[in-house]
Amino acid sequence: MGLYRDEGVVLRTQKLGEADRIITVLTRGAGLVRAVGKGVRRTRSRFGARLEPFTHVDLQFHTGRTLDVITQAETRRAYGAALVNHYPRYTAGIAMLEGAQQVVHVEREPAPRQFLLLIGGLRALGEGEHDPRLVLDAYLLRSLVTAGFALAVDECAQCGVPGPHGVFSVQSGGTVCRDCRPPGAATPARETLALMAALISGDWSTADTSEQRHRRECSGLVAAYLQWHVENGIRSLRLVEPS
């Protein structure tokens, strides 16, 4: 039993009893943490408003037998303020939070790179310099790569022969050559694969000038690749407006 501090982003809240909530947080040091916020649903709660989704917070926890208890919360930045009145940004943000929880999924396993990716993604959404769906797809791709699900876009995912290749196979791990092409593989446009590579590398000059049809095709491939590697998928993706 004891106290510890960490910073994190609130991903989700769930009602617990009459006045409490279970707060799911992606923290820098401890990874995914589920903790109780006691009394946060009361109007006079000291820090209830600080424990809302999209909020970057400094937290103090008290170690519990099953769930830890949040005893202090200080807001670093409330990203939700820039998203709630803009539907495309908000729905992309919701999918981002759900994606973070699904990709990390194992509690108490440090994931500092995933934490930093989420902070960067939420900041980019709030600034509004790029299409929200592009920001979401970039975040999801980088999150999957960081989690160990590397996506081949410049070489064959099976034999390693340098590309570019015009065939994409979700189950194979990205682009494949003709010799390695499995049944059911897709044949996306060359520009779509270039967009995917740009999102992974952070080449926003290429991403921002891409055509809508290539963005839509890219989003479909990203969703399919995510579904293949994340057991439950991301339900909120269906709410996200296409580019």
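Because the structure is predicted, anything quoted here is derived from the model rather than measured.

A. Spotlight on the overall build of the chain. A tally of helices and strands in the chain yields six helices and seven strands. What you see in the chain, going N to C, is helices and strands ordered as β-β-β-β-β-α-α-α-β-β-α-α-α. For the chain, the C-alpha atoms occupy an extent of roughly 60 × 35 × 25 Å along the three principal directions. Within the chain, buried positions represent 48% of all 243 residues.

B. Spotlight on the environment of Asp-179. Tracing the sequence through the fold places Asp-179 in the loop between β7 (174–176) and α4 (190–201). Separated by 21 residues in sequence, Asp-179 and Gln-158 place their C-alpha atoms 9.6 Å apart.

C. Fine view of the sheet that holds strand β1 (residues 3–16). Here we have five strands rolled up into a closed barrel, ordered β1-β2-β3-β5-β4, and mixed in their pairing. Here the strands of the sheet are splayed against their neighbours by 45 degrees on average, with no regard to which way each runs. Across the sheet, helix α2 (residues 112–127) lies against β1, β2 (20–27), β4 (55–62) and β5 (68–78), angled at about 60 degrees from β1, the strand it touches most.

D. Structural view of the packing of helix α1 (residues 87–104) against α2. In the contact formed by α1 and α2, the axes pass within 10 Å of each other and the chain directions differ by 175 degrees. Of the possible angle classes, the one that applies to α1 and α2 is roughly antiparallel. The residues of α2 that touch α1, namely those facing Arg-89, Ala-92, Gly-93, Met-96, Leu-97, Ala-100, Val-103 and Val-104, are Gln-114, Leu-118, Gly-121, Leu-122, Leu-125 and Gly-126. Its residues assigned to classes, the contact of α1 with α2 comprises nine nonpolar, four polar and one charged.

E. Layout of the layout of surface pockets. Put simply, the largest pocket is a space of about 300 Å³. Lining the largest pocket we find Leu-11, Arg-12, Thr-13, Pro-53, Ile-94, Leu-97, Glu-98, Gln-101, Gln-102, Asn-232, Gly-233 and Arg-235. Mapped by element, the contributors of at least two residues to the lining of the largest pocket are β1 and α1. For the lining of the largest pocket, the leading source of residues is α1, giving five residues. Considering only residue class, the lining of the largest pocket consists of four nonpolar, five polar and three charged. Space inside the second largest pocket adds up to approximately 150 Å³.

F. Examining the nonpolar core more closely. Within the largest apolar cluster, 48 residues are counted, with the highest numbers of intra-cluster contacts made by Leu-118, Met-196 and Leu-199. Elements represented by at least two residues in this core include exactly β1, α1, α2, α3 (132–146), α4, α5 (204–208) and α6 (212–229). Among the nonpolar cores identified, the runner-up in size contains 14 residues, and Ile-23, Leu-51, Phe-61 and Ala-73 belong to it.

G. Highlighting the pairing of β1. By the bridge criterion, seven bridges tie β1 to β4 in an arrangement that is antiparallel. Residue pairing across strands places Leu-3 opposite His-62, the latter belonging to β4. Of the pairings in the sheet, the one linking β1 to β2 comprises eight bridges and is antiparallel in character. In the strand pairing of β2, Gly-8 is matched with Thr-27. Two successive antiparallel strands, β1 and β2, enclose a turn made up of three residues, where Gly-17 displays a positive phi of approximately 65 degrees.

H. Highlighting the side chain of His-214. In this fold, His-214 is placed in helix α6. Classification of His-214 as buried rests on a relative accessible area of 5%.

I. A look at the packing of aromatic side chains. Per the stated rule, a full pass over the model turns up two aromatic pairs. Between Tyr-4 and Phe-61 the ring centres are 4.9 Å apart and the planes differ by 15 degrees, which places this aromatic pair in the stacked class. Residue Tyr-4 is located in strand β1, and its partner Phe-61 is located in strand β4; the two are separated by 57 residues in the primary sequence. Taking relative accessible area as the criterion, Tyr-4 reaches 21% and is therefore assigned partly exposed. Both rings, one in Phe-54 and one in Tyr-90, keep their centres 5.9 Å apart while their planes meet at 55 degrees; by these two values the pair is tilted. Taken as a pair, Phe-54 in the loop between β3 (31–37) and β4 and Tyr-90 in helix α1 lie far apart in primary sequence, 36 residues in all. In this structure Phe-54 comes out as buried when scored by relative accessible area, which is 3%. Looking at Tyr-90, the relative accessible area reads 32%, which means it is partly exposed.

Parameters at a glance
- Residues numbered from 1 in each chain as written.
- Predicted model: local features only at pLDDT ≥ 70, side-chain atom pairs only at ≥ 80, totals over all residues.
- Heavy atoms only, no water.
- Helix = DSSP H or I, 4+ residues; strand = E, 2+ residues; numbered from the N terminus.
- Buried < 20%, exposed > 50% of the residue type's maximum accessible area, 1.4 Å probe, protein only.
- Pairing = 2+ DSSP bridges.
- Axes fitted to C-alpha atoms, helices over the stretch in contact; angles between N-to-C directions.
- Contact = heavy atoms within 4.5 Å.
- Parallel < 35°, antiparallel > 145°, perpendicular 65-115°, else oblique.
- Nonpolar A, V, L, I, M, F, W, Y, C, P; charged D, E, K, R; others polar.
- 1 Å grid on protein atoms, 1.4 Å probe; cavity = no way out; pocket = protein on both sides within 12 Å on 5 of 7 lines; lining within 4 Å.
- Points joined across faces, edges and corners; volume = space filled by probe spheres on them.
- Core = buried A, V, L, I, M, F, W, Y, C linked by side-chain atoms within 4.5 Å.
- Phe/Tyr/Trp six-rings, centres within 6.5 Å; stacked < 30°, edge-to-face > 60°.

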